[in-house]
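Residue-level structural notes
The lines below spell out each chain.
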Amino acid sequence: MPAALALIAGLGVALVALPLIGLIIRTPWSRAGDILGSGSARTALRLSLIVATTSALVGLLVGFPLAWALARSQFRGKALVRALVVLPLVMPPVVGGVALLSAFGRRGLVGGPLYDVFGLQITFTVWAAVLASTFVSFPLLVLALEVGLRSLDVRLEDAASTMGAPRWYVLRRVTLPLLAPQIAAGLVLAWARALGEFGATITFAGNLPGRTQTLPLAVFEQLQTDPGGAIALSLLLVTVSFVVIVTLRGRFLQTR
Amino acid sequence: MSLHVDVEVAVDHFRLEAEFVAEPGETVGLLGPNGAGKSTLVSVLAGLTEPAEGRVELDGSVLDDRAGHVHMNPEERSVGIVFQDLLLFPHLTAEDNVAFPLRARGVPARDATDRARMLLGRLGVGERANARPAELSGGEAQRVALARALVAEPRLLLLDEPLSALDVQARGRIRSLVLETLRTFPGVRLLVTHDPMEAAVLSDRLVLLEEGRVTQTGTPDEIRRAPRTSFAADLVGVNFFAGRLERADEGTGRLVTSAGEIVVAWPSDLPERSEDAIGVLRPIDISLHLQPPEGSARNVFRGRVVGIEIAGDRARVQVDSSPLLVAEVTLGSISRLGLVEGTDVWASFKAVEVTLLPP
């Protein structure tokens, strides 16, 4: 490899590594135990885990039929639907939050009638945090599942049906097990994305400790008052993400 | 208990018209070149493709009837299929693959597994029950696929190119297993193949399928005697003798067929007798003479030329001997011997030229 290339590549690595090293160096290790053990940090972490896990599962439930439709059926406006599904991935999350507000806010398209008729309010509840996280993360699941469904040999499912297997049995014993790697990869990716979600959540769900204040929101708030604490919490998030990547590499993303 | 097929199928721009009957106790070979519509027909019988017209009836129950708006779904049919690419479930062990058709029909796991294991044992792969398809050899995978097709005791057994994926060595062993399986299967049995040789060896009756149409039906011998298309004529290209193999004198044996007997070289690893032996002879190994030939050939048959088919500088000559023979000779020989239809000739070939298929 030419020296110039190696230098630029090294710069690329440094771009990612330096902030991480800074994070590790600047962490107030003497207080780290107290900060991470504090009630507010633990509440935020627990909420983050609950929200991310729920979003990933809701995403799977909604994403699977959608991926099925995109991979296996022909309908008008399919290209439009696919573009729509991918949009949250490229849209600025804060815009996503504003969009969610205009749909599910108290005066929103759906949120308005829901509030007027049933007295139900979504904003500023944990469900808003879940909805925001699902909005930004489920496209990842749909994409992973669609790729999986496309690469699956339909003849295996056909063969299963000639063996007397009704549709649901084929789904349960053939389709889903064969899709397991893609389902797992999609779940982990969506979960990681949901765990880091900030913009849509703070816009749509607000920043209420114990209800909608997830770990990234807690980091942001702590940064105003206690930068050291924010750094310690950040390191916690990085660690969780890192574990996810390592798991992914080992199990699902076969690298040569 | 029989299979009646009379359908028209339209897939994209391809049209298939097929009409045939298969009775239990006979193996019907659906023989045709690639693109003839064999896969489409398999798909129709499986219930995966609905015919555009016509009827399929198995054992008195209607599987498809366009006029009556009947289409039985694949899972409701009693059909056991060995697919061309086997299509074993890669995530299941051999045993779970075989148990699948039983489990799908609600047989309890214990029962299903027991029956699967027993069948795998009977087909000689009992010790591979816990292996996944990726760990099986070609021959083993074929046996597992066969077990899976048989386990639910279907009324129709359908083998789609059962030997095509195998190497030559495995092919011999699996061929005998397939033959044995077909013979002992009580229901309707269909064999789909593009290989005339395989079709002739494994089937009692052939249905020739070309370009989406049935071009000829009959026993392999009937088709050999009067091929109606060039593809059918390819069948003529194989001399094959099925019958009882007995040891004769030193180093030789007798293959006794219903149409006469031939002398073959005795392979050292064979038992004293074999009931279901098959000998194959290439037409090019038969020589024709106007006088009783002198020389070492052990097989000499008298017969009358009943057909001459010229291809390039060679000709295939059918001789109405017992057994029926087809020789391939040069055009030079034809003119030197003055062969025309009706000429009386002597056909001879050496015992060692007959290849015995593993019985």
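All of these numbers come straight from a predicted model, not from anything done at the bench.

Remarks on the overall build of chain B
Secondary structure assignment for chain B yields nine helices and 21 strands. For a compact globule of 359 residues, the expected C-alpha radius of gyration is about 21 Å, and chain B comes in at 23 Å, within 12% of that figure. Once the C-alpha set of chain B is aligned to its principal axes, its extents read approximately 70 × 50 × 35 Å. Of the contacts made within chain B by residues no fewer than 6 positions apart, 64% connect residues no fewer than 24 positions apart.

Quick notes on the nonpolar core
One finds A:Ala132, B:Val98 and B:Val144 to be the most contacted residues of the largest nonpolar core, which totals 158 residues. The biggest single contributor to this core is helix α7 (residues 126-151) of chain A, with 15 residues. Look past the residues within four positions of A:Ala132 in its chain and what remains in contact with it is A:Gly97, A:Leu100, A:Glu197, A:Ala200, A:Thr201, A:Phe204 and A:Ala205.

Regarding the interface of chain A and chain B
Contacts between the two partners involve 14 residues from chain A and, on the opposite side, 16 residues from chain B. Within the residue set of the side of chain A that touches chain B, elements represented by two or more residues are α8 (154-162) and α9 (167-195) of chain A. The element best represented in the side of chain A that touches chain B is α8(A), accounting for six residues.

Topic: the pairing of strand β5 (residues 61-65) of chain B
Residue and element names in this part refer to chain B. Where strand β4 (residues 53-58) and β5 come together, four bridges link them in antiparallel fashion. Residue pairing in the sheet places arginine 55 in a bridge with aspartate 65 of β5. Hairpin connection between β4 and β5: a loop of two residues separates the two successive antiparallel strands, and aspartate 59 in this loop has a positive phi of roughly 55°. In terms of strand pairing, β5 meets strand β6 (residues 70-71) through two bridges, oriented antiparallel. Following the sheet pairing, aspartate 64 is matched in β6 by histidine 71.

Looking at the pairing of strand β20 (residues 344-349) of chain B
Residue and element names in this part refer to chain B. Pairing of strand β16 (residues 287-289) with β20 involves three bridges; the strand directions are antiparallel. For leucine 288, the partnering residue across the bridge sits in β20 and is alanine 347. Note: strand β17 (residues 299-311) against β20, six bridges, orientation antiparallel. Across the sheet, the residue bridging to asparagine 299 is phenylalanine 349, located in β20.

Things to note about the sheet that holds strand β18 (residues 314-319) of chain B
Residues and elements named next belong to chain B. Taking strand neighbours across the sheet as the criterion, the five strands line up as β16-β20-β17-β18-β19 in an open arrangement whose pairing is antiparallel. Sheet topology places β16 and β19 (325-330) at the edges, where each strand pairs with a single neighbour. For this sheet, the mean angle separating the axes of adjacent strands, direction not counted, is 45°. Bridging between β17 and β18 involves six bridges; their strand directions are antiparallel. What sits directly across from glutamate 309, in β18, is arginine 316.

Re unusual backbone geometry
Glycine aside, residues mostly have negative phi angles, and peptide bonds mostly take the trans form. Residues and elements named next belong to chain B. Residue proline 323 is reached from serine 322 by a cis peptide bond, and omega for that bond is 0°. Positive phi values are uncommon outside glycine, yet aspartate 59 reaches one of about 55°. In this fold, aspartate 59 is placed in the loop between β4 and β5. Located in the positive-phi region is leucine 87, a residue other than glycine, with phi close to 55°. With respect to the helices and strands, the residue leucine 87 is situated in the loop between β7 (79-82) and α2 (94-104). Residue class for leucine 87 comes out buried when judged on the 22 C-beta atoms lying within 10 Å of it.

Here we look at the packing of helix α4 (residues 138-150) of chain B against helix α5 (residues 168-184) of chain B
Residue and element names in this part refer to chain B. Contact pair α4 / α5: the axes reach a minimum separation of 10 Å and the direction vectors enclose 15°. Compared by their axis directions, α4 and α5 come out roughly parallel. For the pair α4 and α5, the sense of crossing is right-handed. The segment α4 lies against α5, with Gly138, Gly139, Gln142, Arg143 and Leu146 engaging Ala170, Arg173, Ile174, Leu177 and Thr181. Looking at the contact of α4 with α5, its residues break down into four nonpolar, four polar and two charged.

What counts, and at which threshold
Residues numbered from 1 in each chain as written. Chains lettered and ligands numbered in written order. Predicted model: local features only at pLDDT ≥ 70, side-chain atom pairs only at ≥ 80, totals over all residues. Helix = DSSP H or I, 4+ residues; strand = E, 2+ residues; numbered from the N terminus. Rg over C-alpha atoms; globule rule 2.2 N^0.38 Å. Contact = placed C-beta atoms within 7 Å. Core = buried A, V, L, I, M, F, W, Y, C linked by C-beta atoms within 7 Å. Buried ≥ 20, exposed ≤ 12 C-beta atoms within 10 Å, placed from the backbone. Pairing = 2+ DSSP bridges. Axes fitted to C-alpha atoms, helices over the stretch in contact; angles between N-to-C directions. Parallel < 35°, antiparallel > 145°, perpendicular 65-115°, else oblique. Left-handed = near helix turned anticlockwise from the far one by under 90°. Nonpolar A, V, L, I, M, F, W, Y, C, P; charged D, E, K, R; others polar.

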